[in-house]
Amino acid sequence: MPTGAVIAADPGTLGSRDEPYTVMVPAGDHPVLIAGMWWESEGWNETTAAMLRILDKPTASWELAVRPGQDIRLLGDDEFYGFGVDTGMGAFLDASGRDALAAAYEHRQQSDAWDDDKETETADPATGTNLIAYPSGRGDGSYPVWIGRTADGEVTCLVADMLVLHDMKPLPPTAPDTTVFLTPTPTGSGVRPEPKPADPEATAEFLATVAASIAAKKEQVSRR
């Protein structure tokens, strides 16, 4: 990001209407982290958020990212200013590369080798900028971007919320694992349950003991 002026937009419709946010970040290279989740009941996954990380420090507060002319005081409950999506994709980029990256992204989409599921980066060597694209949650719509700050007010990140988990409620705590293994050698009172091994080494040792016991019993049977 040569200038630190951040744009979040649909890379497939990127244009002059996509203005940078009023918050500026330090110029330089910043990673984009893309989070996803898997629906076990459906057998498919979704992008839940994308983060432009600026500082690797704890975030103490959040605020809605806005563009020039947007006033959060005019928003009602559950309303937000978001970036529009019409092609099912979102992206972070520096404002200085907007026009060049829009052309580069369109050119790559028309390429026979283009794969939306694998190709996340589009770069423009002339401006030294790139954009990182990601699937936009459940498709087209409008998505908010949140600014994270440290307790001292420094910007830690910008997070595009794909609203997949927007209305989700946390599950209750998982019940303790009460699984037990049976000892390979019966005791005087019968088979005695033992706690499940707590680490890989203990598990491997337990399985080795079981394997040795089975092998010994097979040898006894064969001798008979």
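In the block above lies the structure referred to throughout.
Just so it is clear, the structure is predicted and the values come from calculations on it, not from any experiment.

(A) Structural context of the pattern of salt bridges. Summed over the entire model, instances satisfying the criterion amount to four salt bridges. The residue Arg73 makes a salt bridge to Asp71 at a minimum N-O spacing of 2.8 Å. On the accessibility criterion, Asp71 (22% relative accessible area) is partly exposed. A salt bridge links Arg98 to Asp99, with the nearest nitrogen and oxygen atoms 3.4 Å apart. Among the residues examined, Arg98 registers a relative accessible area of 18% and is labelled buried.

(B) Fine view of the nonpolar core. In this structure, Val6, Tyr21, Phe83, Phe92, Val145 and Leu158 are the most contacted members of the largest nonpolar core, which totals 22 residues. Elements with a minimum of two residues in this core: β1 (6-9), β3 (44-53), β5 (82-85), β9 (141-149) and β10 (155-161). Contacts of Leu158, omitting those with residues within four sequence positions, involve Val6, Tyr21, Val23, Val25, Ala50, Met51, Leu52, Phe92, Val145, Trp146 and Ile147. The next biggest cluster of nonpolar side chains, apart from the first, holds eleven residues, and it includes Ile7, Met89, Leu101 and Tyr105.

(C) Structural context of the pairing of strand β8 (residues 129-135). Within β8, five of the seven residues are buried, leaving the element largely enclosed by the surrounding structure. Here five bridges tie strand β6 (residues 89-94) to β8, and the two strands are oriented antiparallel to one another. Bridge pairing in β8 links Gly90 to Tyr134. Taken together, the four bridges between strand β7 (residues 121-124) and β8 define a ladder with antiparallel strand orientation. The residue bridging Glu121 from the neighbouring strand is Ile132, located in β8. Adjacent in sequence and paired antiparallel, β7 and β8 are bridged by four residues, among which Gly128 carries a positive phi angle near 70 degrees.

(D) Region of interest: unusual backbone geometry. At Asp78, a position not held by glycine, the phi torsion is positive, near 65 degrees. With respect to the helices and strands, Asp78 occurs in the loop between β4 (61-64) and β5. In the Ramachandran plot, Leu163 falls in the positive-phi region, its phi being about 65 degrees despite a non-glycine side chain. Relative to the elements of secondary structure, Leu163 occurs in the loop between β10 and β11 (180-182).

The rules behind each value
Residues numbered from 1 in each chain as written. Predicted model: local features only at pLDDT ≥ 70, side-chain atom pairs only at ≥ 80, totals over all residues. Heavy atoms only, no water. Salt bridge = Lys/Arg side-chain N within 4 Å of Asp/Glu carboxyl O. Buried < 20%, exposed > 50% of the residue type's maximum accessible area, 1.4 Å probe, protein only. Core = buried A, V, L, I, M, F, W, Y, C linked by side-chain atoms within 4.5 Å. Helix = DSSP H or I, 4+ residues; strand = E, 2+ residues; numbered from the N terminus. Contact = heavy atoms within 4.5 Å. Pairing = 2+ DSSP bridges.

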